[in-house]
Amino acid sequence: AVVVLAVALVVLGWVFLTMLRRYGQALLRVEELEAGHSGHTHGQAQEFVPWQAPGVDGVDASGLTVPLASQLHDDRATLVVFVAPHCEACGELVDDLTQWQADVDGPAVVVLSPGERDAITDKFGAVQVLAHDGEVTETWRVEYTPGALVVNGDGLVVGPPAYGAEDVRRLHRVASGRPDPADVVIGPPPVREGDPLPAASVEVDGQTLPLTDVVGADDTVLLFWDTTCGFCQSIAGDVARRQDAMSLLIVLRDDNLDGLRAAGITAPVALDRVFAAGNALQAPGTPCAVRARDGLIASTVAVGGPELLDLLARVRISG
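Residues numbered from 1 in each chain as written. Predicted model: local features only at pLDDT ≥ 70, side-chain atom pairs only at ≥ 80, totals over all residues. Heavy atoms only, no water.

Moving on, we come to the pattern of salt bridges. Applying the stated criterion across every chain, the model contains 10 salt bridges. Here arginine 241 makes a salt bridge to aspartate 238, at a shortest N to O gap of 2.8 Å. Of this pair, arginine 241 and aspartate 238 are both found in helix α7 (residues 230–242), 3 residues apart, which corresponds to roughly one turn of the helix. Under the relative-accessibility criterion, arginine 241 is labelled exposed at 60%. The exposure class assigned to aspartate 238 is partly exposed, which follows from its relative accessible area of 21%. Two residues, arginine 273 and aspartate 255, come together in a salt bridge whose shortest N-O distance is 3.9 Å. Taken together, the positions of arginine 273 in the loop between β14 (269–271) and α9 (276–280) and aspartate 255 in the loop between β13 (248–252) and α8 (257–262) put the pair 18 residues apart, joining distant regions of the chain. (Salt bridge = Lys/Arg side-chain N within 4 Å of Asp/Glu carboxyl O. Helix = DSSP H or I, 4+ residues; strand = E, 2+ residues; numbered from the N terminus. Buried < 20%, exposed > 50% of the residue type's maximum accessible area, 1.4 Å probe, protein only.)

Okay, here's the thing in structure tokens:
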């Protein structure tokens, strides 16, 4: 009996210590999440920590596998640009990319794209593009296209991604002025809380109306969407599950309303084929979202799936 009791005490002690350790880890995790959420909510900039560029491969136009590391330079910066054949905004960069790759005095420019080679060639013409299997963008921590990162001569990614044609051009200018940049800051969010909601026009039920009239004074999340966008497709189920918890307006870039409904998204829709509202808010593409209340911007623009879903979750919590 004494032996059994001693064994039981040892087991109970071990269980207690294990639970205590896990409880401590949980508390630390909660503190990290609260700190991150607070920083995101109030728009506080997080210090960027350079990280080693990943070693991945691409396939060139001749079908040869090319290690991306062989395209990076130790004597100047390398601009790594992520595009895709289906990406409309990527097409705006074709002339730029062609010029940049021919410029021996500027940063080296490496262009990566998923998809079949024929589709890549049709979209980007003479641009030298390395094809990949689609997972490379995640490995490089890029959420959608067009996106770009700068790698310095030590093989370190030295700043956050730039998204959208204009910011990719801006990042190229920054890299051109700093052959071996130590820090690349894209800048503050394009819109801030409290800014007036722009009066760009959208189409609702065949009528062209100012966005301010469509939204009115209601607390509404404007979700910029394109059914052909692979990143939109990847979060469609999450959006569908959250849509009934808030006032949500889908600002649809294409007119494939049937495709939107087939994905389970039933929220009201405004068509924005020329992306007038998105451009007015300086949203770099789809998917993006912003909250509006009383005719004012009530959040920064959430760019990409993770930020967008975080915004929807916070709207649901705050009501």
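All right, on to α7 then. Think of an α-helix as turning once every 3.6 residues; residues three or four places apart then point the same way. Helix length check: α7, at 13 residues, gives a terminal C-alpha distance of 19 Å against a target of 18 Å (1.5 Å per residue), a fit within 8%. When the local axis directions of α7 are compared, the greatest deviation, roughly 50°, occurs at alanine 236. Along α7, the residues that are buried comprise Cys232, Ile235, Ala236, Val239 and Ala240. (Expected span 1.5 Å × (residues − 1). Bend = angle between axes of the 7 residues up to and from the residue.)

Let us look at the state of the cysteines. Following the criterion strictly, the structure yields 1 disulfide and no others. With its sulfur 2.5 Å from that of its partner, cysteine 87 forms a disulfide with cysteine 90. As the torsion about the S-S bond is roughly 85°, the cysteine 87-cysteine 90 disulfide counts as right-handed. The class of cysteine 87 is buried, set by a relative accessible area of 7%. Residue cysteine 90 is classed as buried on the basis of its relative accessible area of 0%. The thiol sulfur of cysteine 229 is not disulfide-bonded, and the nearest other cysteine sulfur, from cysteine 232, lies at 3.4 Å. (Disulfide = S-S within 2.5 Å.)

Another point: the nonpolar core. Core analysis: the biggest nonpolar cluster contains 39 residues, and Phe82, Leu112, Trp140, Leu211, Leu222 and Phe224 have the highest contact counts within it. Those elements that provide at least two residues to this core are β4 (78–82), β5 (108–114), β7 (147–151), β10 (201–204), α6 (211–215), β12 (220–225), β13 and β15 (288–293). At 3 residues, β15 tops the list of elements feeding residues into this core. Once you skip the residues sitting within four places of it in the chain, leucine 112 turns out to touch Leu68, Val80, Val81, Phe82, Val83, Val129, Leu130, His132 and Val136. Counting residues in hydrophobic clusters, the runner-up holds 27 residues, among them Val94, Ile120, Val158 and Val168. (Core = buried A, V, L, I, M, F, W, Y, C linked by side-chain atoms within 4.5 Å. Contact = heavy atoms within 4.5 Å.)

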